[in-house]
Amino acid sequence: MKRDPHTGAPQFYALARTWLHVYLPTAQHRSPNTIEAYRISLECFLGYLTTEHEIDRIHVTFDHFDHAHLLGWLTWMSEHQHYTPATIALRLSTIKAFLTYCGAEDLTLLTLGQRAATLKAPTAPRKPVEYLTEPCSRHTRAPPPSHAVIGCC
């Protein structure tokens, strides 16, 4: 694995490139569309760091994948980007998977994946269960067994 020659820290972009272009298509057998969705999720986090924290993309390191930045990103996606809970969950699951991969590649990154695993994406509000109305529940004729009851009467 490549490390920064000055700091000895793992290089974020080298691991991201290997994850997207080698590991996902060969070891995980992910489709090109899935890999593209993962790339977009990583881009989303980089966009957050750039716009909200004014961090140049060239200076992004694994230090930026800390708990505080990830929590801020979740809030930003929800409140500023107005992403649906399902989209936020997809983006977060991508970051978790990426950090898990990075922890397997370099033990110094193991805690990032463990901390990210504790984050929870917002859930969509549940739709109330629709019960049969009283007139429908009084229906006395039973439908034939081969047909499912879809509506009332």
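For the structure itself, look to the data block above.
These figures come from a predicted structure and were not determined experimentally. (Residues numbered from 1 in each chain as written. Predicted model: local features only at pLDDT ≥ 70, side-chain atom pairs only at ≥ 80, totals over all residues. Heavy atoms only, no water.)

1. Remarks on the overall build of the chain
Point 1. A tally of regular secondary structure across the chain gives 6 helices and 0 strands.
Point 2. Each helix (α) and strand (β) of the chain, taken in turn from the N terminus, gives the series α-α-α-α-α-α.
Point 3. Per-residue burial for the chain yields a buried fraction of 30% across its 153 residues.
Point 4. Within the chain, contacts between residues at least 6 apart in sequence are counted, and of these 57% link residues at least 24 apart.
Point 5. Total accessible area on the chain is roughly 10400 Å²; 57% of this is exposed by carbon and sulfur atoms. (Helix = DSSP H or I, 4+ residues; strand = E, 2+ residues; numbered from the N terminus. Buried < 20%, exposed > 50% of the residue type's maximum accessible area, 1.4 Å probe, protein only. Contact = heavy atoms within 4.5 Å. Areas by Shrake-Rupley, 256 points an atom, 1.4 Å probe, with all protein chains shown as cover.)

2. Some details on the pattern of salt bridges
Point 1. The full count for this structure, using the stated rule, is 3 salt bridges.
Point 2. In this structure, the salt-bridge partner of Glu36 is Arg39, at a minimum N-O distance of 2.5 Å. You can see Glu36 and its partner Arg39 sitting in helix α2 (residues 32–53), 3 residues apart, about one turn around the helix.
Point 3. Its relative accessible area of 31% is what places Arg39 among the partly exposed residues.
Point 4. Between Glu43 and Arg39 there is a salt bridge, with the nearest N and O atoms lying 3.9 Å from each other. Placement of the pair is Glu43 and Arg39 together in helix α2, with a separation of 4 residues, close to one helical turn.
Point 5. Judged by its relative accessible area of 32%, Glu43 is partly exposed.
Point 6. A single network of salt bridges, built from pairs that share partners, joins Glu36, Arg39, Glu43 and Arg57. (Salt bridge = Lys/Arg side-chain N within 4 Å of Asp/Glu carboxyl O.)

3. Details of unusual backbone geometry
Point 1. For His29, which is not a glycine, the phi torsion comes out positive at approximately 55°.
Point 2. When you line up the elements, His29 lands in the loop between α1 (12–27) and α2.
Point 3. Positive phi is not limited to glycine here, since His82 has a value of about 60°.
Point 4. Structurally, His82 can be placed in the loop between α3 (67–79) and α4 (85–105).

4. Comments concerning the packing of α1 against α2
Point 1. Interaxial distance between α1 and α2 falls to 10 Å at its minimum, and their mutual angle equals 165°. The angle between α1 and α2 falls in the class roughly antiparallel. Every pair of crossing elements has a handedness; the one defined by α1 and α2 is right-handed. Where α1 approaches α2, its residues Phe12, Tyr13, Ala16, Trp19, Leu20, Leu24 and Pro25 are matched on the opposing element by Ile35, Tyr38, Arg39, Leu42 and Leu46.
Point 2. The residue inventory of the contact of α1 with α2, partitioned by class, reads 11 nonpolar, no polar and 1 charged. (Axes fitted to C-alpha atoms, helices over the stretch in contact; angles between N-to-C directions. Parallel < 35°, antiparallel > 145°, perpendicular 65-115°, else oblique. Left-handed = near helix turned anticlockwise from the far one by under 90°. Nonpolar A, V, L, I, M, F, W, Y, C, P; charged D, E, K, R; others polar.)

5. Some points on the packing of α2 against α3
Point 1. Interaxial distance between α2 and α3 falls to 10 Å at its minimum, and their mutual angle equals 95°. For the element pair α2 / α3, the angle class is roughly perpendicular. Every residue of α3 that contacts α2 at Ser41, Cys44, Phe45, Tyr48, Leu49, Thr51, Glu52 and His53 is listed here: His69, Leu70, Gly72, Trp73, Trp76 and Met77.
Point 2. Here the contact of α2 with α3 is built from residues that sort into 8 nonpolar, 5 polar and 1 charged.

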